[in-house]
Amino acid sequence: MTQAAIPTARDKGLIACERCGLLWPMSGEHSPCGRCGHKLSSRNTGSIQRVWAWWLAGLMCYIPANLYPMLVTDMLTSHSASTIVQGAIEIAHHGDLPIALVILIASVAIPFAKFAAVAYLALSIRPLGRFRARASAHRRHQLYELVEYIGRWSMIDVFVVAILSALVQLNAAASIHPGPAAVTFALSVIFTMLSAQAFDSRMIWDVSPDAAPTLKEETP
Amino acid sequence: MTQTPLQPIGQDDLIACPSCDALYHVRVPQVGERATCARCETVLIAPKSNAMLRIVALSITNLILVVSALFLPFLSISRAGFYNATSIMDAILAFAQGPMFLLSIAVGALIVVVPMARMLLTLYVVAPLEFGAAPLPRAAQAFRLFESLKPWSMAEIFVLGCGIALVKVADLATVDFGAAFWMMGVLVVVVLLQDNLMDRWSIWRALEKRA
């Protein structure tokens, strides 16, 4: 069965409620779902604006999250404040290269990849998007699910800071405090999650390249 | 709203994939099997045997675990004669001083309030269905809220965070797990089991049939 052979609710003049899934006639667009009260929309076209707004807010918070210290450590003889990258380098110097790599991937590479992936998905949406994606709708849908799934796991850095700050309070011997980057990092994660949630994944499939190969190219 | 009330369409014979809008005729799979979308592989219907009773039981388990884990120590460290034990409450309050108190509120919400709220909502929605009663008022809204809170429930991420924190302080001091750590570990399994039992299509239909 080819993908084009499957009709959508929209093709049949129906709207599925985004929350509870009940189907309504197209004339119900913008009125609340009679079962759960969620506002019906066949395609949330305005959502792309919200995706970009949260995306930009997330990116703006992500910059200070990397420039300011995440953790402030006070030891008997030393005082140190380290950013995410400095923290990873310190661990690498201790000889724990694998753990340093895990931290770099989880706190630096994955957030970057998330920004790139959401931008790519939003730009590839037709007819609003800027370019025609080379990846199939199926691949892009998998990418979307991955971003949605991984997004929340970035919060782990903030939890680690919270645990360490609560745990390492040994008077003079050693104490750890959260740095300002903890706040901006948390905000960045929350905004990126909101950005991914605002995205209406049904639009990925609407004018998928496999379904409509004759669509005219947009001039760059 | 001046519109005439809309009539829902074919709720028992049509289903649209929530992720890609593909439209299908409903064929309820056997208990334990799953109906998935042919183009994007999203699970559409997944009936489980005795699901509602098990969901209620797991929600109660979950609530007991969270409430008791909250104040018990979950990690303790010692170094050079100094000792400190920390509870989940302490971790939440780690940011409480100064302008970072907003972060305390966020952490508390993500690891305790949202997971607990989701369990209470589950009980509110599912328990009357399981015991053959009519749904409680606004049960549909409660279930909608339950579903939209799902990504914000981060107890399992917090548990993994404990592991990483442990590695980070391992060469600074000696660290031991407390009772609450193991309770949170069990909680992660309970949440996974419950998510696996939750079949939104069946619950929405049950809510409607009994209303």
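Calculation notes
Residues numbered from 1 in each chain as written. Chains lettered and ligands numbered in written order. Predicted model: local features only at pLDDT ≥ 70, side-chain atom pairs only at ≥ 80, totals over all residues. Heavy atoms only, no water. UniProt positions renumbered as here; feature names shortened; annotations may be inferred. Phe/Tyr/Trp six-rings, centres within 6.5 Å; stacked < 30°, edge-to-face > 60°. Helix = DSSP H or I, 4+ residues; strand = E, 2+ residues; numbered from the N terminus. Contact = heavy atoms within 4.5 Å. Buried area = accessible area lost by both parts, 1.4 Å probe. Salt bridge = Lys/Arg side-chain N within 4 Å of Asp/Glu carboxyl O. Nonpolar A, V, L, I, M, F, W, Y, C, P; charged D, E, K, R; others polar. Expected span 1.5 Å × (residues − 1). Buried < 20%, exposed > 50% of the residue type's maximum accessible area, 1.4 Å probe, protein only.

- The name an unreviewed UniProt entry assigns to chain B is Inner membrane protein YebS, from the organism Aquimixticola soesokkakensis.

- Where an unreviewed UniProt entry is consulted, chain A appears under the name Paraquat-inducible protein A, with the organism given as Aquimixticola soesokkakensis.
- For the record of chain A, the UniProt heading Subcellular location (unreviewed entry) holds the text "Cell inner membrane".

**Re the packing of aromatic side chains**
All names here are of chain A.
Line of reasoning, step 1. Using the criterion set out here, one finds 14 aromatic pairs over all chains in the structure.
Line of reasoning, step 2. With a centroid separation of 5.2 Å and an interplanar angle of 80 degrees, the aromatic rings of W52 and W55 are classed as edge-to-face. Taken together, the residues W52 and W55, both in helix α1 (residues 47-67) and 3 residues apart, mark about one turn of the helix.
Line of reasoning, step 3. When the centroid spacing of 6.5 Å and the interplanar angle of 50 degrees are considered together, the rings of Y62 and F185 count as tilted.

**Structural notes on the interface of chain A and chain B**
For interface size, the figure often reported is the accessible area lost on association.
Line of reasoning, step 1. With 69 residues of chain A at the contact, the number on the chain B side is 67 residues.
Line of reasoning, step 2. A combined buried area of about 5800 Å² lies between chain A and chain B, and 74% of that area is made up of carbon and sulfur atoms.
Line of reasoning, step 3. Applying the counting rule to chain A against chain B returns 3 salt bridges.
Line of reasoning, step 4. Its salt-bridge partner being R43 of chain A, residue D21 of chain B comes within 2.8 Å of it at the nearest N-O pair.
Line of reasoning, step 5. Per-element accounting of the side of chain A that touches chain B gives the leading share, 11 residues, to helix α5 (residues 156-167) of chain A.
Line of reasoning, step 6. For the side of chain A that touches chain B, the residue count by class is 42 nonpolar, 18 polar and 9 charged.

**Quick word on helix α1 (residues 51-71) of chain B**
Since one α-helical turn is 3.6 residues long, residues separated by three or four positions face the same way.
Residues and elements named next belong to chain B.
Line of reasoning, step 1. Here α1 contains 21 residues, and its C-alpha end-to-end distance of 31 Å stays within 8% of the 30 Å for a straight helix at 1.5 Å per residue.
Line of reasoning, step 2. What α1 keeps buried is the set A51, M52, I55, V56, L58, S59, N62, L63, L65, V66, A69 and L70.
Line of reasoning, step 3. Of the surrounding secondary structure, the elements contacted by the buried residues of α1 are β6 (82-87), α2 (88-92), α3 (101-130), α6 (179-197) and α7 (200-210).

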